[in-house]
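Okay, here's what each chain looks like letter by letter:
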Amino acid sequence: MSDAQNPPVSGGDLARAVLEGPDIHRALTRIAHEILERTKGAQSVVLLGIPTRGATLARRLAERVAQFEGRKVPVGAVDITMYRDDLRLKPARPLGHTDLPPGGIDDKIVVLVDDVLFSGRTVRAALDALNDLGRPRAVQLATLVDRGHRELPIRADYVGKNLPTAKSEKVRVFLEEIDGRDAVLLVREGER
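Notes on the structure follow. (Residues numbered from 1 in each chain as written. Predicted model: local features only at pLDDT ≥ 70, side-chain atom pairs only at ≥ 80, totals over all residues. Heavy atoms only, no water.)

### What about the environment of Gly-21?
Counted only if it meets this: Counting from the N terminus, the helices are the DSSP runs of H or I reaching at least four residues and the strands are the DSSP runs of E reaching at least two. Relative accessibility under 20% of the residue-type maximum defines a buried residue, over 50% an exposed one, and the middle range a partly exposed one, all with a 1.4 Å probe and only protein chains included.
For Gly-21, the location among the structural elements is in helix α1 (residues 21-38). For Gly-21, a relative accessible area of 22% translates into the label partly exposed. Linking Gly-21 and Phe-174, residues 153 residues apart in sequence, is a C-alpha distance of 9.4 Å.

### Quick notes on the environment of Leu-19
This is how it is decided: Whether two residues touch is decided by their heavy atoms; if any such pair falls within 4.5 Å, the residues are in contact.
Assignment of secondary structure puts Leu-19 in strand β1 (residues 14-20). Spatially, the C-alpha atom of Leu-19 lies 4.9 Å from that of Val-184, the residues being 165 residues apart in sequence. Every residue in contact with Leu-19, bar those within four places of it in the chain, is listed here: Ile-24, Leu-144, Val-145, Lys-161, Ala-183 and Val-184.

### So, the sheet that holds strand β8 (residues 183-188)
The condition is simple: For two strands to pair, DSSP has to find at least two bridges joining them. To obtain an axis, a line is fitted to C-alpha atoms, over the contacting stretch when the element is a helix, and the angle between two such axes runs from 0 to 180 degrees between their N-to-C directions.
Reading across the sheet, the three strands line up as β1-β8-β7 and stay open at both edges, with antiparallel pairing between neighbours. Two strands bound the open sheet, and with one partner strand each, they are β1 and β7 (170-174). Between one strand axis and the next, the sheet turns through 25 degrees on average, direction left out of account. Across five bridges, β7 lies against β8 in antiparallel orientation. Bridging across to β8, Lys-170 finds its partner in Val-187.

### Regarding unusual backbone geometry
Residue Thr-52 is bonded to the preceding Pro-51 through a cis peptide linkage, with omega at 10 degrees. Here Thr-52 is to be found in the loop between β2 (45-49) and α2 (53-69). Positive phi, normally seen in glycine, also occurs at Lys-40, with a value near 55 degrees. Among the structural elements, Lys-40 can be located in the loop between α1 and β2. At His-149, a position not held by glycine, the phi torsion is positive, near 70 degrees. Position of His-149 relative to the elements: it lies in the loop between β5 (138-146) and β6 (158-162).

### Side note on the packing of α1 against α2
Formally: Whether a crossing is left-handed or right-handed is set by the direction in which the near helix is turned from the far one by less than a right angle, anticlockwise for left-handed and clockwise for right-handed.
Two elements in contact, α1 and α2, have axes separated by 9 Å at closest approach and are oriented at 60 degrees. In the crossing of α1 with α2, the sense of the turn from one axis to the other is right-handed. Across the interface between the two elements, Ile-24, His-25, Leu-28, Thr-29, Ile-31, Ala-32, His-33, Ile-35 and Leu-36 from α1 touch Leu-57, Arg-60, Leu-61, Arg-64, Val-65, Phe-68 and Glu-69 from α2.

### So, the packing of aromatic side chains
The line we're drawing: Only Phe, Tyr and Trp rings are paired, with Trp represented by its six-membered ring, and only when their centres lie within 6.5 Å; those with planes under 30 degrees apart are stacked, over 60 edge-to-face, the remainder tilted. Working rule: Lys NZ or Arg CZ, within 6 Å of ring centre, within 35 degrees of ring normal, means a charge sits over the ring.
For the coordinates displayed, the defined rule picks out zero aromatic pairs. The ring centre of Phe-118 lies 4.0 Å from the NZ or CZ of Arg-147, which sits over that ring. Cation over ring: Arg-181 sits above Phe-174, and NZ or CZ is 4.4 Å from the ring centre.

### Regarding the side chain of Arg-64
Using the following cut-off: The sign given to each residue is positive for Lys and Arg and negative for Asp and Glu; His and the chain ends receive no count. Salt bridges are counted wherever a side-chain nitrogen of Lys or Arg sits within 4 Å of a carboxyl oxygen of Asp or Glu.
Summarising the element assignment, Arg-64 is placed in helix α2. Buried within the structure, Arg-64 lacks any salt-bridge partner; Glu-63 is the closest side chain of opposite charge, at an N-O distance of 5.2 Å. Apart from residues no more than four positions distant in its own chain, Arg-64 is found in contact with His-25, Leu-28, Thr-29 and Ala-32.

### Some thoughts on the sheet that holds strand β4 (residues 109-117)
Spatially, five strands are ordered β3-β2-β4-β5-β6 in an open sheet, and the strand pairing comes out parallel. Single-partner strands in this sheet number two, and they are β3 (75-77) and β6. Between one strand axis and the next, the sheet turns by 25 degrees as a mean value, whatever way the strands run. Pairing of β2 with β4, which is carried by five bridges, proceeds in the parallel orientation. Its bridge partner being in β4, Gly-49 is matched across the sheet by Val-113. The sheet contacts of α1 involve β2, β4, β5 and β6, and relative to β6 the element is tilted by about 150 degrees. Most of the contacts of helix α3 (residues 121-133) go to β4, to which it runs at about 155 degrees, and overall it touches β2, β4 and β5.

Structure representation (structure tokens):
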């Protein structure tokens, strides 16, 4: 592939766009429809995003569900910082903000939303956090990209794109609200 198709990202790394803005829009629209179908109209659904980009994606899904159903779906965010199993391995990070909708999560169908599903450890931390926040009727998972390489027995219920990757590759998600553009890039180490 030419350098135009794989522009350098940093330090010689090369990136290939696997989703652009319209692709992300279509994927989220499909996921919203799937949530509505599977939950029979999303009457008891609460969307909880895993910060940072998962929270943004949860808000976008809530907007689409509201467009299709004509009513709002509660949306919030769940900070998983203190539930991560790698706290001692990485530098200290600031605590995020957990924002539960006014009705809480008890007896609700909680759809956790994240940008990339990889090892499953982030989702495991989110499940642990939910245990401290209430008792949902069920928990489902929506992700924009499932890149494989699971280390835990976790799978997404709703997937925007299945993207087989090498463990050495990285998936970078850019969202308009945070990064100024919508794109998903597959980044691989360049020839050095």
